[in-house]
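Given next are the chains, with one letter for each unit.
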There are 4 protein chains.
Amino acid sequence: MSKKEIRIGLVGYGFMGRTHTNAYKRVGDFFPELKFIPKLQAVCARNEERVKAFADQWGYASVETDWRKLVERDDIDAIDICTPNNMHAEIAIAAAQAGKMVLCEKPLARSVAEAQPMVDAIEKAGVPNTVYFNYRRIPAVTLAKQLIDSNKLGKIFHFRSNFLQDWTISPELPQGGEGLWRLDNDAAGSGVTGDLLAHCIDTAMWLNGGIKDVSAMTETFIKERVHTATGEKQQVGIDDACLFHCHFENGSLGLFESTRYARGHKALFTFEINGEHASIKWNLHDLSRLAYFDHRDASIERGWRSIHVTDGDQPYMDKWWVPGLSIGYEHSFVHQVADFFKNLEEGKPCSPTFKEAHQTQKVCEAVLESAKSKSWKNTHVEW
Amino acid sequence: MSKKEIRIGLVGYGFMGRTHTNAYKRVGDFFPELKFIPKLQAVCARNEERVKAFADQWGYASVETDWRKLVERDDIDAIDICTPNNMHAEIAIAAAQAGKMVLCEKPLARSVAEAQPMVDAIEKAGVPNTVYFNYRRIPAVTLAKQLIDSNKLGKIFHFRSNFLQDWTISPELPQGGEGLWRLDNDAAGSGVTGDLLAHCIDTAMWLNGGIKDVSAMTETFIKERVHTATGEKQQVGIDDACLFHCHFENGSLGLFESTRYARGHKALFTFEINGEHASIKWNLHDLSRLAYFDHRDASIERGWRSIHVTDGDQPYMDKWWVPGLSIGYEHSFVHQVADFFKNLEEGKPCSPTFKEAHQTQKVCEAVLESAKSKSWKNTHVEW
Amino acid sequence: MSKKEIRIGLVGYGFMGRTHTNAYKRVGDFFPELKFIPKLQAVCARNEERVKAFADQWGYASVETDWRKLVERDDIDAIDICTPNNMHAEIAIAAAQAGKMVLCEKPLARSVAEAQPMVDAIEKAGVPNTVYFNYRRIPAVTLAKQLIDSNKLGKIFHFRSNFLQDWTISPELPQGGEGLWRLDNDAAGSGVTGDLLAHCIDTAMWLNGGIKDVSAMTETFIKERVHTATGEKQQVGIDDACLFHCHFENGSLGLFESTRYARGHKALFTFEINGEHASIKWNLHDLSRLAYFDHRDASIERGWRSIHVTDGDQPYMDKWWVPGLSIGYEHSFVHQVADFFKNLEEGKPCSPTFKEAHQTQKVCEAVLESAKSKSWKNTHVEW
Amino acid sequence: MSKKEIRIGLVGYGFMGRTHTNAYKRVGDFFPELKFIPKLQAVCARNEERVKAFADQWGYASVETDWRKLVERDDIDAIDICTPNNMHAEIAIAAAQAGKMVLCEKPLARSVAEAQPMVDAIEKAGVPNTVYFNYRRIPAVTLAKQLIDSNKLGKIFHFRSNFLQDWTISPELPQGGEGLWRLDNDAAGSGVTGDLLAHCIDTAMWLNGGIKDVSAMTETFIKERVHTATGEKQQVGIDDACLFHCHFENGSLGLFESTRYARGHKALFTFEINGEHASIKWNLHDLSRLAYFDHRDASIERGWRSIHVTDGDQPYMDKWWVPGLSIGYEHSFVHQVADFFKNLEEGKPCSPTFKEAHQTQKVCEAVLESAKSKSWKNTHVEW
């Protein structure tokens, strides 16, 4: 079977550059039925030496140091944006205008206002696009979606989710620079809200529908950190922690929390959803397990089931090994890439699109505004 | 050793009447060093037949059907109030005025205003008193307090707690009447806020200090239920669910949730506290275990420890069996009774006193007001 | 309702003396329907001062220092044997001959030969009797029995069980004397085999039927310990660890292990049973939970269920609190006492009887003989 | 940096052919420092159509249908054997004689006798070699090795391990043929002993030293299955379950069990090791977690630690993502390939070598002989 190559131009070679690249390299091995197949055509970053080293290591055919040149190249079909958040908009808009497919790391942008022209450009260009809210495609999370969609839970009462980390507790940690731009509000646009809660919100709305209004609080525990750009102590602009409750459109209540000051948790993304008949729980630290409670089980035998999501009839798992053998974090990106290409074949959008990711952006922004104003805010989400 | 008997007059023979009575009957066996020992002198309830049956079963020496008579009896040293919440104030005030010791089931009252004269009467009479926030005295919870007090955690960033149940999901359940007065706002004063969140708040402030201000939301999922008193559908006045975030006085952030609509959870009271150096987690369904993470452990060996709190050097556990053998829910009441009597010996107050329980009442009320007004509320707590 | 008092004469006031006494004191409160009710008539032990203190603390009406006198007393209906194992036979036989009911702590005796005349005497006298293999009556274990008996599991393939402790790792621990007679082979008859594996074996045969033959190994890690009687180092006669595999009569395979050298486990009694359709797991450290896997659950939703055994329709739990609130170790004794009295009312034996406990003794002995001879041994069990 | 390509010739394209191939394709991306790098030169299997499809999917440069031709090719540096067990010896010996490096899937062979000439040929040829006991290189397992080697545990008392599956419970499953050769004794040499216990034994001896003698039992629950080669019911020659206990050379006791009839367990490989000062537990279903109990922790804070092995200072984890983000089963093969190449650079053997795998074979064989003869057997292991 001859496959059509989609020539990828990647911008950024950080943590996300690696996860996306790995996904492109593996998707063909495990999804052999795909008619489209990515080709690592070029990677772009400002530091020439480093970008060449990255290209060497991962097998990109060429490098660029100016993303505008990358976008202009005829031999690039798709632009993948793995830069700090402050660069997303400009690149995405240019890429769309150049007629490229656009794949963008989350969050879509630093603000609703910044994201709007991105969505407009994408829609106007009509190019295939997706935003890497990768956690949807962890098999256990996808299984949760299946169970909810098959109405196993009945009427929903509660959704709660948090994303807990502990890596910024030390005041010695600077803001800005490689790996640390997430602490610099100019680069990131927000702290845990855009970085972590955005995942919780995307998953929540995917599973439980739109969020109507929110009431939030944020905190910046460490007020000043040295900025790597200046070497001087500067005020920290990001939110170190963010908590909010909300109404979903279906009448259920949401409770969300994120922080980088929860000692003992590295990347503990969790969610739980409680319905009339059943409930579901999941967490990223034990990502192959889905907890499921079904009240319809016989009374004396009822209990939370720990579903080890490794069987061939569970989402994506026919692609991998045999029952009982788990996959990891990185596979969620492989699944998203596979779905992107499969949708491309079928002429369908690959969710979450820029438009959908914009709705998550709206919730993030309402959350930050609510915290600032100490009042409830409507989200204006269209779900 | 001759012991002095404290003659107990119990009001109410429901679920809490049983737990308190059991505590009185067991405390002498397991705390033989106590100089005071309870005597089951009288139990009081309106239904004569039932109160006699209860007295027979548990060994109360006499019965009353009018609590005022009980309070007036010379042969009663202590009044224990296990009635629905709407009766707490009147009985407690009368008992204090009669010079009795007063032990009261939580929550103290239906409101801050109702609680204030109770505290005043108790303080004026100077009688020994305590409020049964029993969960403090589950050994694992007491151990958490020890670890926090010995400053193992360092600066605190987060406290989160919830209390999840699922027993009122059916709309067929009536409000009012035996066992169901908790669904009747007149009797209970609130729904999950006073019944469940009050526990979370008491534990939270005990472990982490005062709560300054709160922002809350509540929901009543089932708007009308048949009232057992009238046989007619009436509006439901209680909160079925309540969520809030808050600031503690020490600068940490709190997140609280309670509901009776979380399918799969019978009585899942949980808390977690995150400090600079360590974190602690606990839940009532696995009440003998305390989870503890210490960042000072060697890097490659760090992990959440599951401490099985059954050893003789852990709180209260020298009184019971041998390492590895667990105790249960009811023992928390035995411990509170033991501490009450021990403090009595030593002329000390037994925390939580009425005064302290009043602070928890203030938070509950601020929470309900915040939800109603959709705004932040100060708690006016003195901790 | 007038109740008939069964006047208890307890021999021994150690750990087991406490658990049995507590059971007698509580059973009436929680099982009010019983027509028989225990009365703490006398406690017997050689040390007069201590036995008086115990009687005072727990409320025994009288004391004896010679068990023969206790057995002869007319005002005693039932003898409860909580002595070291080497005293079981003599006391039980005398008690039976005196026409007393006999309740005996496990193991029945130190050997099959020692146990046989006990069974004979009991049978000849026709007195009500039971042996305290208390773990059968932990609600989660009883629920396991219900599930197995209702044929939820289908054909059984495997049963595995262990009992792991870590309290004798130090070579400084002496053998003999109070609390340490379990390390003295003369008093105990064996080490972990009679003390711990006997529980595993009793539970196993109760749940899965008779054990046919065994192949075992034992080890004594610490060969010499100071004996408290002599103050001198003496050879250790007990088994510190014992492992065996076996055939059950139903064709399933058994795997058993016990040790006091498993660092990190205080009293970790576990069992698991695997059947064609379902499996069950349980452990004593989390005694309120039963793990249950049912292959008949829909394929994508299958998982081990963690059943929190605290609901009123689960075994014994209607007697205690409300759903979600757990009981502990001591309650298993209350249940056995309640069942003993209920059976007494109905004129039925209370399992495990002396005769049944003798079968467990046979397995223990076959295990020890197998280890000694390094060969398979038949058990001669009649189940 | 220019890298030297090691041209791989793979024999067999089943489950293991996939895991090895994936490892070769990924190792360069994640271990960029390696000087040797695998090249997918040829894959060999009898079915031409299928082997071509496999080569297409995974990117092998060429195919063969006769393994002898593959072994003779000059453009092949290393032969990787992923065939059923009955082919291992012949291919390995020929490959060694042809001077190829040899990588072989476990178990080494069907018997000690069959394995001996393999080891001889490898040793005589002096070619680099390794056997894929991949589980050693799951980071949590490697961390266990580090903790043991740093003497954290002190004197070892117990090692227990099992490998539980449930995929052959149906009597409808045939023996022989693709994916089912493991049920055919001619192809496999044994049942769970060579397939599953071999993993337990390899890990056990790696962590805890040599096994001296064993006492075992086996069972074949389903006596006859249709053979796919003949379409007829034939006697089943494999062991469906195998249990054994043993002495390690260090004086500790071992307990092992494997079965394919443990309903609810897909691939539950577990081990636990108990030492004087500390204990360790692990299982394959939660492969990123290592449980560790350290008795030196302060008494009241002691507990089993659940170490989430995802940090950069834990084995292999600097190669992958960021703390908290887990990897999966397949990565253990990537690690073994990386170690093979690193050792190649350094001129060192890559454990387990053929010689070491032969020792595991000896234990397997002693186990099967013990079960057959119902007696203890020495293993003759040299560790």
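### Overview of the overall build of chain A
For step 1, the next point in the chain: Helix and strand content of chain A: ten helices and 17 strands.
For step 2, the next point in the chain: Against the 2.2 N^0.38 benchmark of 21 Å for 383 residues, chain A shows a C-alpha radius of gyration of 21 Å, consistent with a compact globule.
For step 3, the next point in the chain: By principal-axis analysis of the C-alpha atoms, chain A measures approximately 65 × 60 × 40 Å.
For step 4, the next point in the chain: Within chain A, buried positions represent 63% of all 383 residues.
For step 5, the next point in the chain: In chain A, 68% of the contacts between residues at least 6 apart in sequence involve partners at least 24 apart.

### Considerations on the sheet that holds strand E3 (residues 63-64) of chain A
All names here are of chain A.
For step 1, the next point in the chain: The strand order across the open sheet formed by six strands is E3-E2-E1-E4-E5-E6, and the pairing between neighbours is parallel. Looking at the sheet topology across the chains shown, the edges are occupied by E3 and strand E6 (129-132).
For step 2, the next point in the chain: Both strand E1 (residues 4-11) and strand E2 (residues 36-44) contribute to a ladder of eight bridges, which runs parallel. The residue of E2 that forms the bridge with Lys4 is Phe36.

### A word on the relation of the copies chain A and chain B
Both copies of the chain are related by a screw-like operation: a rotation about an axis and a shift along it.
For step 1, the next point in the chain: Placing chain A over chain B gives an RMSD of 0.0 Å and needs a rotation angle of 180 degrees, together with 0.0 Å of translation along the axis. Here the two chains are linked by the operation of a two-fold rotation axis. Residue Ser375(A) of chain A places its C-alpha closer to the rotation axis than any other residue of that unit, at 3.1 Å.
For step 2, the next point in the chain: Most of the interface of chain A is mirrored in chain B, where 100% of its interface residues are also at the interface.

### Re the interface of chain A and chain B
For step 1, the next point in the chain: Each side of the interface is counted separately: chain A has 31 residues, and chain B has 31 residues.
For step 2, the next point in the chain: Every element with two or more residues in the side of chain A that touches chain B is listed here: strand E7 (156-164), strand E8 (211-219), strand E11 (241-248), strand E12 (253-259), strand E13 (268-275) and strand E14 (278-283) of chain A.
For step 3, the next point in the chain: The element best represented in the side of chain A that touches chain B is E12(A), accounting for four residues.
For step 4, the next point in the chain: In the side of chain A that touches chain B, the residues fall into 14 nonpolar, eleven polar and six charged.

### Brief notes about the domain arrangement of chain A
Residues and elements named next belong to chain A.
For step 1, the next point in the chain: Domains assigned within chain A are domain 1 (4-135) and domain 2 (136-378).
For step 2, the next point in the chain: Using C-alpha coordinates to define each centre, domain 1 is positioned 23 Å away from domain 2.
For step 3, the next point in the chain: Taken together, the 37 residues of domain 1 in the interface contact 40 residues of domain 2.
For step 4, the next point in the chain: If one sorts the elements of the side of domain 1 that touches domain 2 by residue count, helix H1 (residues 15-30) sits on top with eight residues.

### Some points on the relation of the copies chain C and chain B
For step 1, the next point in the chain: Once turned by 180 degrees and shifted 0.0 Å along the axis, chain C lies on chain B with an RMSD of 0.0 Å.
For step 2, the next point in the chain: Here 100% of the contact residues of chain C are again contact residues in chain B; the copies associate through an equivalent surface.

### Focus on the packing of H1(A) against helix H9 (residues 331-346) of chain A
Residues and elements named next belong to chain A.
For step 1, the next point in the chain: One way to put it is that H1 packs onto H9 with a least axis distance of 8 Å and a crossing angle of 65 degrees. The two elements H1 and H9 cross, and the hand of that crossing is right-handed. Packed against H1, whose contacting residues are Thr19, His20, Asn22, Ala23, Tyr24, Arg26, Val27 and Phe30, the element H9 presents Phe333, Val334, Val337 and Ala338 at the interface.
For step 2, the next point in the chain: Here the residues of the contact of H1 with H9 are counted per class, giving eight nonpolar, three polar and one charged.

### A few points about the sheet that holds strand E3 (residues 62-64) of chain B
Residue and element names in this part refer to chain B.
For step 1, the next point in the chain: Ordered in space as E3-E2-E1-E4-E5-E6, the six strands form an open sheet in which the pairing is parallel. Each edge of the open sheet carries a strand with a single partner, namely E3 and strand E6 (129-132). For this sheet, the mean angle separating the axes of adjacent strands, direction not counted, is 25 degrees.
For step 2, the next point in the chain: With three bridges joining them, strand E2 (residues 36-44) and E3 adopt parallel strand pairing. By the bridge assignment for E3, Val43 is matched with Val63.

### Topic: the interface of chain C and chain B
For step 1, the next point in the chain: Listed by partner, the interface residues are 25 residues for chain C and 25 residues for chain B.
For step 2, the next point in the chain: Of all elements in the fold, only helix H1 (15-30) and helix H2 (48-58) of chain C reach the threshold of two or more residues within the side of chain C that touches chain B.
For step 3, the next point in the chain: For the side of chain C that touches chain B, the element with the highest residue contribution is H1(C), accounting for four residues.

### Some details on the environment of Leu40(D)
All names here are of chain D.
For step 1, the next point in the chain: On the secondary structure map, Leu40 appears in strand E2 (residues 36-44).
For step 2, the next point in the chain: Take Leu40: there are 18 C-beta atoms within 10 Å of it, and that puts it in the partly exposed class.
For step 3, the next point in the chain: Residues Leu40 and Ala55, 15 residues apart in the sequence, show an inter-C-alpha distance of 8.9 Å.
For step 4, the next point in the chain: Contact partners of Leu40, with chain neighbours within four places excluded, come to Ile8, Thr21, Tyr24, Trp58, Gly59, Tyr60 and Ala61.

### Remarks on H1(C)
For step 1, the next point in the chain: Helix length check: H1(C) (16 residues) gives 23 Å between terminal C-alpha atoms against 22 Å at 1.5 Å per residue, within 8%.
For step 2, the next point in the chain: Largest kink in H1(C): about 30 degrees, centred on Tyr24(C).
For step 3, the next point in the chain: For H1(C), the set of buried residues is Gly17(C), Arg18(C), Thr19(C), His20(C), Thr21(C), Asn22(C), Ala23(C), Tyr24(C), Arg26(C) and Val27(C).
For step 4, the next point in the chain: Structurally, H1(C) contributes buried residues whose contacts are with helix H1 (15-30) of chain B together with strand E1 (4-11), strand E2 (36-44), H2, strand E4 (78-81) and helix H9 (331-346) of chain C.

### A look at the environment of Lys342(C)
Residue and element names in this part refer to chain C.
For step 1, the next point in the chain: In this fold, Lys342 is placed in helix H9.
For step 2, the next point in the chain: With 16 C-beta atoms packed within 10 Å, Lys342 lands in the partly exposed category.
For step 3, the next point in the chain: C-alpha separation for the pair Lys342 and Asp318, spaced 24 residues apart in sequence, amounts to 16 Å.

### Details of unusual backbone geometry
For step 1, the next point in the chain: In this structure, the amide linkage connecting Lys106(B) to the following residue, Pro107(B), adopts the cis form with an omega of -10 degrees.
For step 2, the next point in the chain: Following the sequence through the fold, Pro107(B) ends up in the loop between strand E5 (101-105) and helix H5 (112-125).
For step 3, the next point in the chain: Put simply, Ser351(C) and Pro352(C) share a cis peptide bond, and its omega is -5 degrees.
For step 4, the next point in the chain: Looking at the element boundaries, Pro352(C) is found in the loop between H9 and helix H10 (354-373).
For step 5, the next point in the chain: In this structure, His380(A) is a non-glycine residue whose phi angle is positive, near 60 degrees.
For step 6, the next point in the chain: Among the secondary structure elements, His380(A) is positioned in the segment after strand E17 (377-378).

### Regarding the packing of H5(B) against helix H10 (residues 354-373) of chain B
In helix packing, the relevant descriptors are the interaxial angle and the interaxial distance, both defined with respect to the helix axes.
Residue and element names in this part refer to chain B.
For step 1, the next point in the chain: As a packed pair, H5 and H10 sit with axes 10 Å apart at the nearest point and diverge in direction by 170 degrees. The angle between the axes of H5 and H10 places the two elements in the roughly antiparallel class. Residues Val112, Ala115, Met118, Val119, Ile122 and Glu123 of H5 form the contact with H10, whose participating residues are Phe354, Lys355, His358, Gln361, Lys362 and Glu365.
For step 2, the next point in the chain: Looking at the contact of H5 with H10 residue by residue, the class counts come to six nonpolar, two polar and four charged.

### A word on the confidence of the model for chain A
For step 1, the next point in the chain: Put simply, chain A has an average pLDDT of 97, and 100% of its residues get 70 or more.
For step 2, the next point in the chain: Predicted complex, confidence summary: ipTM 0.97, pTM 0.98.

### Looking at the pairing of strand E16 (residues 304-308) of chain C
For step 1, the next point in the chain: Across the five residues of E16(C), five count as buried, placing the element largely inside the fold.
For step 2, the next point in the chain: Here E16(C) shows a buried face lined by Trp304(C), Ser306(C) and His308(C) and a second buried face lined by Arg305(C) and Ile307(C).
For step 3, the next point in the chain: Examined bridge by bridge, strand E16 (residues 304-308) of chain A and E16(C) share three bridges and lie antiparallel to one another. Of the residues in E16(C), the one forming a bridge with Arg305(A) is Arg305(C).

### Quick look at the pairing of E4(C)
Residue and element names in this part refer to chain C.
For step 1, the next point in the chain: Side chains Ala78 and Asp80 project from E4 onto one buried face, and the interleaved Ile79 and Ile81 project onto a second face that is buried too.
For step 2, the next point in the chain: Sheet analysis places E1 next to E4, joined by four bridges and oriented parallel. Bridged to Gly9 within E4 is Ile79.
For step 3, the next point in the chain: Strand direction decides the pairing type here: E4 and strand E5 (residues 101-105), joined by four bridges, are parallel. What sits directly across from Ile81, in E5, is Cys104.
For step 4, the next point in the chain: Note that the unit made of E4, helix H4 (residues 88-97) and E5 has a crossover that is right-handed.

Conventions we followed
Residues numbered from 1 in each chain as written. Chains lettered and ligands numbered in written order. Predicted model: local features only at pLDDT ≥ 70, side-chain atom pairs only at ≥ 80, totals over all residues. Helix = DSSP H or I, 4+ residues; strand = E, 2+ residues; numbered from the N terminus. Rg over C-alpha atoms; globule rule 2.2 N^0.38 Å. Buried ≥ 20, exposed ≤ 12 C-beta atoms within 10 Å, placed from the backbone. Contact = placed C-beta atoms within 7 Å. Pairing = 2+ DSSP bridges. Least-squares fit on C-alpha atoms with pLDDT ≥ 70 in both. Nonpolar A, V, L, I, M, F, W, Y, C, P; charged D, E, K, R; others polar. Domains from an automatic or database assignment. Axes fitted to C-alpha atoms, helices over the stretch in contact; angles between N-to-C directions. Left-handed = near helix turned anticlockwise from the far one by under 90°. Expected span 1.5 Å × (residues − 1). Bend = angle between axes of the 7 residues up to and from the residue. Parallel < 35°, antiparallel > 145°, perpendicular 65-115°, else oblique. pLDDT = per-residue confidence, 0-100. Right-handed = clockwise from strand over helix to strand, strands pointing away.

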